[in-house]
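The primary structure of each chain is shown beneath.
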Amino acid sequence: MSNQAVKVAFIGLGVMGFPMAGYLQQKGYAVSVYNRTASKSAKWVEHYQGEAAATPAAAASGASLVFVCVGNDDDVRSVVYGEHGVLASMQAGAVLIDHTTASADLARELAMACAKQQLGFLDAPVSGGQAGAEKGILTVMVGGEPAAYTKAETAMQSYARCVKLLGPAGNGQLAKMVNQICIAGVVQGLAEALNFAQNAGLDGAAVVEVISQGAASSWQMQNRSLTMLAGEYDFGFAVDWMRKDLSIALNEARKNGSHLPLTALVDQFYSEVQQLGGGRWDTSSLLARLKR
């Protein structure tokens, strides 16, 4: 069966969802989109063709795969449940894929709700930020049943370079928490290092050029160090969203007995960045609080 014969729905056209839905359309899927702000849906249709729907349920009607990429747990529930939610129109055998970074509890809740309607469900948060979505090179961490994963894997590969099933519902969200915990520590270390280099009178860019070839290298160093040194923080995932993600991870840690002292500390540092007016700056802005 060609992709043209497969109808899919995409709910949520933010900085991530807009290009992700676009890649599905470009790969030949018949895409129907919904966004709370209708003008965003109209802009997407103008750019990619496809069609816009007036409600999540209308977008999902007749779709084999329904993708959701919104803000948080409550946002997901608002487009999934109720007479206008996607569950109201999805047909048995279809699969709901939630790309939102949300709680593992929500993922398990949605898996149960879908099972009652003979639907598949995958919690599939992504990593790679806006740039990764626009380039179609996201990483997708997936929880759910293998049968549902098999139905959705090829479609998710439209905008990802790595898609992996990591176990039952909730495991995708748990893996995303691991991802965010790692990022928090790495960015804070890089911010401190760059601040130290500048205070010591070193040429920060020259130092990075050298140490990025060794064991200290990281994606953050390779992609964010020079913009950090320039005080430019408009390149990716916003501080407001990072704090939301870290809150989810810290709450989960309290449940499973994990100790996350560094993560909790960096979360507080991000709150200071927010107080500086940097809620929409990207996560590399941890350097800004050190330069106050």
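Our structure's up above, just so we're on the same page.
Basis of the calculations
- Residues numbered from 1 in each chain as written.
- Predicted model: local features only at pLDDT ≥ 70, side-chain atom pairs only at ≥ 80, totals over all residues.
- Heavy atoms only, no water.
- Salt bridge = Lys/Arg side-chain N within 4 Å of Asp/Glu carboxyl O.
- Helix = DSSP H or I, 4+ residues; strand = E, 2+ residues; numbered from the N terminus.
- Buried < 20%, exposed > 50% of the residue type's maximum accessible area, 1.4 Å probe, protein only.
- Phe/Tyr/Trp six-rings, centres within 6.5 Å; stacked < 30°, edge-to-face > 60°.
- Axes fitted to C-alpha atoms, helices over the stretch in contact; angles between N-to-C directions.
- Left-handed = near helix turned anticlockwise from the far one by under 90°.
- Contact = heavy atoms within 4.5 Å.
- Nonpolar A, V, L, I, M, F, W, Y, C, P; charged D, E, K, R; others polar.
- Pairing = 2+ DSSP bridges.
- Right-handed = clockwise from strand over helix to strand, strands pointing away.

Draft legend 1. Quick look at the pattern of salt bridges. Applying the stated criterion across every chain yields a total of eight salt bridges. In this structure, Asp-74 engages Arg-77 in a salt bridge whose closest nitrogen and oxygen atoms are separated by 3.6 Å. Placement of both Asp-74 and Arg-77 in helix H4 (residues 73-80) is noted, with a separation of three residues, approximately one turn of the helix. The class of Asp-74 is exposed, set by a relative accessible area of 56%. Judged by its relative accessible area of 29%, Arg-77 is partly exposed. With a shortest N-O distance of 2.9 Å, Glu-109 and Arg-77 are connected by a salt bridge. Here Glu-109 is found in helix H5 (residues 104-116), whereas its partner Arg-77 is found in helix H4, with 32 residues between them in sequence.

Draft legend 2. Here's a closer look at the packing of aromatic side chains. Under the criterion given, the structure shown has five aromatic pairs. For the pair Phe-18 and Tyr-48, a centre-to-centre distance of 5.8 Å together with 55 degrees between the ring planes defines the contact as tilted. A residue pair is termed long-range when its members are at least 10 positions apart, and Phe-18 in helix H1 (residues 17-26) and Tyr-48 in helix H2 (residues 38-48) qualify at 30 residues. Looking at Phe-18, the relative accessible area reads 15%, which means it is buried. What makes Tyr-48 buried here is its relative accessible area of 14%. Here Phe-67 and Tyr-159 contribute two aromatic rings whose centre-to-centre distance is 6.4 Å and whose plane-to-plane angle is 80 degrees, an arrangement assigned as edge-to-face.

Draft legend 3. Representation of the packing of H1 against H2 in the model. For the pair H1 and H2, interaxial distance at closest approach is 11 Å and the crossing angle is 35 degrees. H2 is crossed by H1, and the crossing has right-handed handedness. Note on element contacts: H2 touches H1 through Lys-40, Lys-43, Trp-44 and Tyr-48, opposite Phe-18, Pro-19, Ala-21, Gly-22, Gln-25 and Gln-26. A per-class count over the contact of H1 with H2 returns five nonpolar, three polar and two charged.

Draft legend 4. Region of interest: the pairing of strand S5 (residues 95-98). Both faces of S5 are covered, namely the face carrying Val-95 and Ile-97 and the face carrying Leu-96 and Asp-98. Pairing geometry for strand S4 (residues 65-68) and S5, over four bridges, is parallel. Along S5, the bridge assignment pairs Val-68 with Asp-98. For the handedness criterion, the β-α-β arrangement of S4, H4 and S5 is classed as right-handed. Here S5 runs beside strand S6 (residues 120-123); their pairing, made up of four bridges, is parallel. Bridging across to S6, Asp-98 finds its partner in Asp-123. As for the winding sense of the linkage, the β-α-β connection from S5 through H5 to S6 is right-handed.

Draft legend 5. How the structure looks around the environment of Asn-199. Tracing the backbone shows Asn-199 in helix H8 (residues 171-199). For Asn-199, a relative accessible area of 62% corresponds to the exposed category. Measuring from C-alpha to C-alpha, the distance between Asn-199 and Tyr-48 comes to 48 Å, with 151 residues separating the pair along the chain.

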